[in-house]
Amino acid sequence: MTPREQRIFGFAVFAAFVVFVFVLPQFISDFRARDYAYVGIYLIALLGLNILTGYTGQISLGHGAFMAIGGYTTAILMAGNEQFGGPVPSGMQDIWTLPIAGLVAGLFGLAFGLPALRLSGLYLALATFAVAVAMPSTVKRFEEYTGGGEGIQLFGLPELTGSNAVAPADPNAPATFELLGLTFTQNDWMYYLAWSIALGAFAGAWLILRGRTGRAFRAVRDSETAAVSSGVSLARYKTLAFGISAAYAGVAGGLFAIASAFVNPDTFPVALSIFLLVGIVVGGLGGLSGLVVGAIFVAFLPLWAQGQDLGSLLPDSVIQGDTVSIPILGDFLFKGTSAPGGPAIVYGIVLILLMFVLPNGVGGLFRRIGQVITNRRYSRSK
Amino acid sequence: MIHRRSVVVAAVGAALAVALPTAFAGSAADPGISSTAIVIGGTSPLTGPAASYASVARGANAYFAFVNARGGVNERKIDYRIVDDAYNPAQTVQAVRRLVEQDRVFVVFNTLGTESNLAVRDYLNQVKVPQLFVASGATTWGRDAAKYPWTIGFQPSYAAEGLVYGQYIARTKKKAKVAVLFQNDDYGKDLLASLKAGLGRSGSKVVAAEAYQVTSSDVGSQVAKLKASGANVFCIFATPTFAIQSYVFANRLGWKPLVINNAVSGTSNIMVLASEGGKNKLVEGTITTTVLKDPTDPRWNKDPGMKQYRVLLAKYAKGANPNDVYHVYGMAVGYETVSLLRRLGANPTRVALMTRARSIASPKNPFLLPGVVVKTGKGDSFPIQQGQLQRWKKGRFVPVGGLWTSKRN
Amino acid sequence: MIAAAFTDFMQQVVSGLASGGIYALLALALVIIHRSTGVINFAQGEMATLSAYIAWALIVHHSWSYWPAFAATLVISFFGGIGIHTAIIRPVESGSVLRIVIVTIGLLVAINGFVVWQWSGEPQQLQSPFGTEVYDVGGVVVAAHDIGTITVALGIVLLLGALFRFTKVGLALRAAAVNPEEARLVGVRVSWMLGLGWGLAALLGGVAGMLTAPTVGLDPNMMAAVLIYSFAAAVLGGIDSPIGAVVGGLLIGVLLNMLSFLSQYGMFDWFTEELRLPMALLIILAVLLIRPQGILGRPEVKRV
């Protein structure tokens, strides 16, 4: 295939994906649409993180903190002043807070990116980890601005689109509301809002990365010394990458706040930052298609692991009724993997196995399949 | 000229118009009620900083299993869905939405944690799903019943509890200096405020109050500051992990105050842990209050309610520790729930449930202390308004005085 | 008033040294692993928690007495560490930094989940080997547990130091960490040495866990904050310097308590207890930005 044909193939795949996204709610339950809305939200954050880590090679274990900044910006602008006072005027409609959330987070990203220039690899990971861990405590400390530990309740507020939904007579049917001449349920609305922005963000990322900026990013990742010698300003591009990725995370955070209709300092815990990094590694660094899988992984694996009882896979000789017999050590009460802690064990093991089997993530797998389809014979440099 | 956008928008609209009516074939009964089952759901801190309270859900579950084994309630089995929220209100919000909108539960039951329940109260009241027997003593559940008619509590309010402690100190110690460790949320602040009210103008007062966050790792510095205030009474308004730590740190600092431990941590199993294998003498003389029968108290060895408790726990909660008093709480609230559901008859509705919940008269809950009644009525939205002060003496609780009754409504 | 302040001060110093001792142990574990395998082990805290639970299970469920349980736990931890390295870390050691980070994160999640699954999240109490006595030393109340912790921490550090310096194994360990290629050439079984490094780190973590549990209560998340303070200690002291880790740990323990103490007396009163952890993290950030090699480390020089 010629490069032009490859490009058209890529567009076709993207177009098919867009159609799929818009049609999906028809085939799933109303509440599932909410789950998939979160996939879209995580995708936005992962797109941002991917720009930073996949394209300029800077590891961040702190993107949950940027999501927190975005989420709190949205919540404070929507309802802050009414609920706990504070200096920021509130009453803004949820959608309009999103660009501001992105901007504020992006500015913080730029501010962090500058000193981060001095760090690399594991040290940067540690520094960003520190930010992620410090964020909840900092939010609690400045409760005059953030509402402190009690959080900000967004449910039912007029600023939240869809709050005016009317419940139909049938208690089993969801409430609906009108917008732009269409009827939405709250969950469907969240889904379409999240995915419209996600697809837009996807397109935006693609545009940024195919141009000069993207080439500069890749140059920085592949070899900083070579990049500098070819005239690429490390400071500018590395900081820019931080800013852009933080802005993406900020928008995702704002959407997260809207979807959850509640924020408190523990809405964006350290675990979130960790799972975002997990998401892009599992999804596959550098490429964009694997990120959708990464987003699904972040959103669903914990839920899936909770529903699955892997005890049924073990032979009866080992498990009789409730007890497991292990020679020498004796009998243990077997709880099944849906017991508390079980899902986490599954999650951890799956992560480790994935890193053994698919070091380039699922995206790497897609790329190899894509190469076969487009008959690219040369191997991609890392 | 057809704009592409309007085609897309129309397609979306058409898709929705087709999807919505067919996706939800309604039925006349309330959600969660089928011919064979009543689905109830709630969140519980199975993991995280308040994991001691997981036993509440386990106890309730065991009681429901027992009732189901005997045919259930009006021919329906109780399907109790417990979801972990790790005591984090952000997770509670997601979990409760899932329970209501996907699992379609009849009621949200015994969700644990003051902040967790506050986070979902607006939502549940708006979608008109009962928030039944909230596992928290925050005064607001009863006090704000008019504003939030779908929410009702269960255990004695923190306002009543703090008041009782304040009055006890005022009565027994002249010019006491009181130091308080409290959780920095509505639960802790509720207790602190009512303690101060109970102390009134007796000459005893709170000389130091230190807060901690649920996500703190330890309360060592707070306890050090409290000791430095020179107080001779130490009130612990904290969840079990931090209550135990308070005893450990206070002991290590050589501080020997009278300790008042709040009801949610003042259970015998927690006191035993705090005694550090019997070596920590600070537990001796601790004052707390309770409404539950203690499984380790020999007074109840022949009590039919506690015998049943032990049998049910062994049968329906394998591996559970019968000395864990939180199981008793779970069974007590499970018992009231089953009575309530029975009163609804063959066609339970949410509205009927809440109406009945506001007129409970249950004087003989087998798991509560004799004389403690579960009662609500016009103007009374607090199901339990009594308690028994008790003192920890040589490895066991001994009652102090008779049952107290709170007049607050 | 001054006397009261002085006793408070000394008390804070002593308990600061005690917590600092625990940070030192865990930081030392982190440094050993980083020096030998170049990995930052995010699962170090959870491994320590697991060790503490094993000790507890032996004592409470199998009726062992304390010191045999302590010793057995150390042995189990040591071989557990070697096992984890061989089975889980070795296959990805040579890969990208990110891959290794994810693997240790997977380990963190899985071990934490296992602890909850096996023993539930409810708090338990692990006794202190030093009892609950307190001693009055000239008006300053000092807990036996704190003294014991400081002693054990320093003792182990000295033992390890001796191991590294004066034994063949120690020499081989250092060689394998500094220059694996050349070490192989002189006959050092490098992969065994790396495994040994992980075993030692796990053992150190086990001690840290068993000393932490009596104070804060045994629960699955008890080492989470300690891990972060230990990161701060390792970075402060120099991520490749064992002595630095110990110095860093003690410094951080005392420093945080000093801030607490001073805030009681009016200075630094913006420092509320919520800021303890962020303070440690601020230290990490400050060190990484101003002097990344820490107090006792050597600057990393990149060849171009």
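The preceding data block contains the structure.
Quick caveat, the model's predicted, so the values are computed rather than measured. (Residues numbered from 1 in each chain as written. Chains lettered and ligands numbered in written order. Predicted model: local features only at pLDDT ≥ 70, side-chain atom pairs only at ≥ 80, totals over all residues. Heavy atoms only, no water.)

J.: Teacher, can you tell me more about the overall build of chain B here?
T.: Scanning chain B for helices and strands turns up 13 helices and 13 strands. Relative to the globule expectation of 22 Å for 409 residues, the C-alpha radius of gyration of chain B, 23 Å, shows essentially globular dimensions. In terms of overall dimensions, chain B has C-alpha extents of about 85 × 60 × 40 Å along its principal axes. Within chain B, the proportion of its 409 residues that are buried is 63%. Intrachain contacts of chain B at a sequence separation of at least 6 include 71% that bridge at least 24 residues. For chain B, the computed accessible surface area is about 15,200 Å², with 55% contributed by carbon and sulfur atoms. One finds the centroid of the 50 positive side-chain charges in chain B at a distance of 5 Å from the centroid of its 24 negative side-chain charges. (Helix = DSSP H or I, 4+ residues; strand = E, 2+ residues; numbered from the N terminus. Rg over C-alpha atoms; globule rule 2.2 N^0.38 Å. Buried < 20%, exposed > 50% of the residue type's maximum accessible area, 1.4 Å probe, protein only. Contact = heavy atoms within 4.5 Å. Areas by Shrake-Rupley, 256 points an atom, 1.4 Å probe, with all protein chains shown as cover. Lys, Arg positive; Asp, Glu negative; His and termini not counted. Charge placed at Lys NZ, Arg CZ, Asp CG, Glu CD.)

J.: When you look at the environment of L227(C) in this model, what are you seeing that I'm missing?
T.: Residues and elements named next belong to chain C. With respect to the element layout, L227 can be found in helix α9 (residues 223-237). Residues L227 and A27, 200 residues apart in the sequence, show an inter-C-alpha distance of 8.1 Å. Among residues more than four places away in sequence, those in contact with L227 are L26, F42, Q44 and G45.

J.: Explanation requested: the interface of chain A and chain B in the structure shown.
T.: Accessible area lost during the coming together of the parts is what is often quoted as the interface size. Taken together, the contact between chain A and chain B spans 40 residues of the former and 39 residues of the latter. Together chain A and chain B conceal approximately 3,400 Å² of surface at their shared face, both sides included; 56% is due to carbon and sulfur atoms. Linking chain A to chain B there are two salt bridges. When the shortest N-O distance is used, the salt bridge between K189(B) and E150(A) registers 3.6 Å. Counting across the interface, chain A meets chain B through six residue pairs in polar contact (both at pLDDT 80 or more). Taken together, the elements giving at least two residues each to the side of chain A that touches chain B come down to α2 (30-56), β3 (182-185), α7 (186-210) and α10 (234-260) of chain A. Examining the composition of the side of chain A that touches chain B, we find that six residues originate from one element, α2(A), more than from any other. Its residues assigned to classes, the side of chain A that touches chain B shows 17 nonpolar, 13 polar and 10 charged. (Buried area = accessible area lost by both parts, 1.4 Å probe. Salt bridge = Lys/Arg side-chain N within 4 Å of Asp/Glu carboxyl O. Polar contact = N/O pair within 3.5 Å; in protein donor to acceptor, adjacent residues only side chain to side chain. Nonpolar A, V, L, I, M, F, W, Y, C, P; charged D, E, K, R; others polar.)

J.: Would you take a moment to explain the pairing of strand β7 (residues 233-237) of chain B for this structure?
T.: Residues and elements named next belong to chain B. When you tally the buried positions in β7, you get five out of five residues, the bulk of the element. A two-sided burial pattern is seen for β7, the buried positions comprising V233, C235 and F237 on one face and F234 and I236 on the other. Two strands pair when backbone bridges link them, and strand β5 (residues 177-183) and β7 are joined in this way by five bridges, in the parallel orientation. Note on β7: the bridge partner recorded for V180 is C235. Across four bridges, β7 lies against strand β8 (residues 258-261) in parallel orientation. Pairing of F234 across the sheet is with V259, part of β8. (Pairing = 2+ DSSP bridges.)

J.: I tried to follow the packing of aromatic side chains on my own but got confused; where do I start?
T.: The geometry of two aromatic rings is summed up by the distance between their centres and the angle between their planes. Residues and elements named next belong to chain A. Enumeration over the complete set of coordinates arrives at 47 aromatic pairs over all chains. With a centroid separation of 6.1 Å and 70° between ring planes, the pair formed by F17 and W195 is classed as edge-to-face. On the criterion of sequence distance, the pair formed by F17 in helix α1 (residues 3-23) and W195 in helix α7 is long-range, its members being 178 residues apart. Look at W195 and you get buried, because its relative accessible area is 5%. A connected cluster of aromatic rings, assembled from ring pairs, spans F17, F22, F177, F184, W189, Y191, Y192 and W195. Above the ring of F142, the side-chain terminus of R141 is found at 5.9 Å from the ring centroid. (Phe/Tyr/Trp six-rings, centres within 6.5 Å; stacked < 30°, edge-to-face > 60°. Lys NZ or Arg CZ within 6 Å of the ring centre and 35° of its normal.)

J.: What's the story with unusual backbone geometry in this structure? I'm lost.
T.: Negative phi values dominate among residues other than glycine, just as trans dominates among peptide bonds. Within the chain, K175(B) stands out as a residue other than glycine whose phi angle is a positive 50°. Structurally, K175(B) is set in the loop between α6 (158-172) and β5.

J.: Please explain the environment of D218(B) as it appears in this structure.
T.: Structurally, D218(B) is set in the loop between β6 (205-212) and α8 (220-228). The partly exposed category is assigned to D218(B), whose relative accessible area is 25%. Residues D218(B) and F106(B) lie 112 residues apart in sequence; the distance between their C-alpha atoms is 39 Å. For D218(B), the contacting residues outside a window of four places in its chain are Q245(B), F249(B) and V216(C). Engagement of the side chain of D218(B) in a polar contact is seen with the side chain of S217(B), the distance being 3.5 Å. At a separation of 2.9 Å, a polar atom in the side chain of D218(B) contacts the main-chain amide nitrogen of G220(B).

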